[in-house]
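Inside the fold
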Amino acid sequence: MFSNAEIGIDLGTANILIYSKTKGIVLNEPSVVAIDVNTKKVVAVGAEAKEMVGKTPQNIIPIRPLRDGVIADYDVTAQMLKELLKKVSKQIGASMRKPTVVVCTPSGSTTVERRAIHNAVTSYGAKQVHLIEEPVAAAIGAELPVDEPIANVIVDIGGGTSEVGIISFGGVVSCNSVRTGGDKMDEEIIQHIRKNYNILIGERTAENIKMEIGNALPDHKEETMDIRGRDMVTGLPKTVSITSTEIHNALKESLEQLLETVRSTLESCPPELSGDIVDHGIVLTGGGALLKGMQQWLASEISVPVHLAPNPLESVAIGTGRALKMIEKLEKATK
């Protein structure tokens, strides 16, 4: 039994990842909770709850308690964390009594939002809770030399927010956050299909379309896909065929917003560090980095090398876990 477990949590809008110092990533589940409206009890969390989205009876509703990278429903988030941390302690094979926890927060989050995250984790019984900015965690997880005085540019495209940060010497030099991410892209696909085909599709179908035929490059090899939804005129199920070009057009607005955020962050970079960016380029992390053509499209738009992190989906969680060592070092240095 180890009483002082150390874990890192990536509280993402789409997924929650938990990193253990001893075992690496021990949990990667969707940030979804299914709740019984009548009893207010949690019916399912994570992957099990995501399966229920759009398929539940009236008394059970799947909730996504995290929106735009911050806590939208405090009580549900606390319940979800408790359930997931219970799962983790079973996996590790020891009860996590009073763990030391590092949680990442979006760089644009307010003091109130940070306090909500802090309190939700503390309510589980954590001994210490450290908050770390998401771009720093992503850069550490992407194996960038964050403690050296060189520019490390990270573009973290998450579910609710996208963060662009320039990190040098262990701190954030310049950072911008935009509430555009995987969820907004899914929403744009839903609206496009509704407007052009008069068909209603769900979030899961939209996400599948994005993953299967979504492409950031305007000039790409066109792909087609058959999708099923509800005809808004007849109310009956209907199948239509869509192309990757029209999905690219539907995603254009989100991509433009992301590009604008990258540009404004690079523009506010000190001149001394700009030279490093030309040499080392920028690193993409987060689920959105896996959109087909994202790397090539961004590189062509900003004329700087663009690299994909070794493990885009898990970078932030790995970074929060590794940040524990850095925090311990800093604490020793300040004592």
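Note that the coordinates shown come from a computational prediction; the quantities given were computed from them, not determined experimentally. (Residues numbered from 1 in each chain as written. Predicted model: local features only at pLDDT ≥ 70, side-chain atom pairs only at ≥ 80, totals over all residues. Heavy atoms only, no water.)

Take helix H7 (residues 244-267) next. Under the 1.5 Å per step criterion, the end-to-end length of H7 is 32 Å for 24 residues, consistent within 8% with the ideal 34 Å. Taken as a whole, H7 carries its principal kink of about 45° at lysine 252. (Helix = DSSP H or I, 4+ residues; strand = E, 2+ residues; numbered from the N terminus. Expected span 1.5 Å × (residues − 1). Bend = angle between axes of the 7 residues up to and from the residue.)

Residues in a regular strand point their side chains to alternate faces of the sheet. When you tally the buried positions in strand S3 (residues 24-30), you get five out of seven residues, the bulk of the element. Taking the residues between adjacent antiparallel strands as the criterion, strand S2 (residues 15-20) and S3 are bridged by three residues. (Buried < 20%, exposed > 50% of the residue type's maximum accessible area, 1.4 Å probe, protein only. Pairing = 2+ DSSP bridges.)

Pairing is mixed in the open sheet, where five strands are placed in the order S3-S2-S1-S9-S10. Two strands close off the open sheet at either side, each with one partner strand: S3 and strand S10 (128-133). Between one strand axis and the next, the sheet turns through 20° on average, direction left out of account. The pairing of S2 with S3 spans six bridges and is classified as antiparallel. Opposite isoleucine 16, over in S3, you have glutamate 29 as the bridge partner. Each of strand S1 (6-11), S2 and S3 touches helix H2 (residues 74-92); the most contacted strand, S3, lies at about 140° to it. Packed on one face of the sheet, helix H3 (residues 111-122) meets S1, strand S9 (100-105) and S10 and runs near 145° to S10. (Axes fitted to C-alpha atoms, helices over the stretch in contact; angles between N-to-C directions. Contact = heavy atoms within 4.5 Å.)

This part is about the layout of surface pockets. For the largest pocket, the calculated volume is near 1,000 Å³. Considering the residues around the largest pocket, the lining is formed by 46 residues, among which Ala14, Asn15, Gly159, Glu207 and Gly287 are closest to the centre. Elements supplying a minimum of two residues to the lining of the largest pocket: S1, S2, S3, strand S11 (152-157), helix H5 (182-197), helix H6 (203-213) and helix H10 (315-334). Here the element with the most residues in the lining of the largest pocket is H5; it accounts for seven residues. Residues of the lining of the largest pocket, tallied by class, amount to 15 nonpolar, 16 polar and 15 charged. (1 Å grid on protein atoms, 1.4 Å probe; cavity = no way out; pocket = protein on both sides within 12 Å on 5 of 7 lines; lining within 4 Å. Points joined across faces, edges and corners; volume = space filled by probe spheres on them. Nonpolar A, V, L, I, M, F, W, Y, C, P; charged D, E, K, R; others polar.)

This part covers the packing of H2 against H3. Contact geometry of H2 with H3 gives a least axis separation of 9 Å together with a crossing angle of 40°. Judged by the angle between their axes, H2 and H3 are oblique. Read as a crossing pair, H2 and H3 show a hand that is right-handed. Contact residues: H2 offers Tyr74, Ala78 and Leu81, while H3 offers Ala116, Asn119, Ala120 and Val121. A class-by-class count of the residues in the contact of H2 with H3 yields six nonpolar, one polar and no charged. (Parallel < 35°, antiparallel > 145°, perpendicular 65-115°, else oblique. Left-handed = near helix turned anticlockwise from the far one by under 90°.)

Pairing between sheet strands relies on hydrogen bonds along the backbone, with the strands arranged either parallel or antiparallel. Reading across the sheet, the five strands line up as S13-S12-S11-S17-S18 and stay open at both edges, with mixed pairing between neighbours. Here the strands that pair on one side only, and so sit at the sheet edges, are strand S13 (171-178) and strand S18 (306-308). Averaged over all pairs of adjacent strands, the angle between strand axes in this sheet comes to 20°, irrespective of strand direction. Relative to S18, strand S17 (residues 282-285) is paired through three bridges, and the arrangement is parallel. Each bridged residue has a counterpart across the sheet, and for valine 283 the counterpart in S18 is histidine 307.

Moving on: the pattern of salt bridges. If you walk through the whole model with that rule in mind, you get 14 salt bridges. In this structure, the salt-bridge partner of lysine 50 is glutamate 207, at a minimum N-O distance of 3.0 Å. Here glutamate 207 lies in helix H6 and lysine 50 lies in helix H1 (residues 47-51), a separation of 157 residues in the sequence. Glutamate 188 serves as the salt-bridge partner of lysine 184, at 3.9 Å between the closest nitrogen and oxygen. Of this pair, lysine 184 and glutamate 188 both sit in helix H5, four residues apart, which is roughly one turn of that helix. What makes lysine 184 partly exposed here is its relative accessible area of 27%. For glutamate 188, a relative accessible area of 13% corresponds to the buried category. (Salt bridge = Lys/Arg side-chain N within 4 Å of Asp/Glu carboxyl O.)

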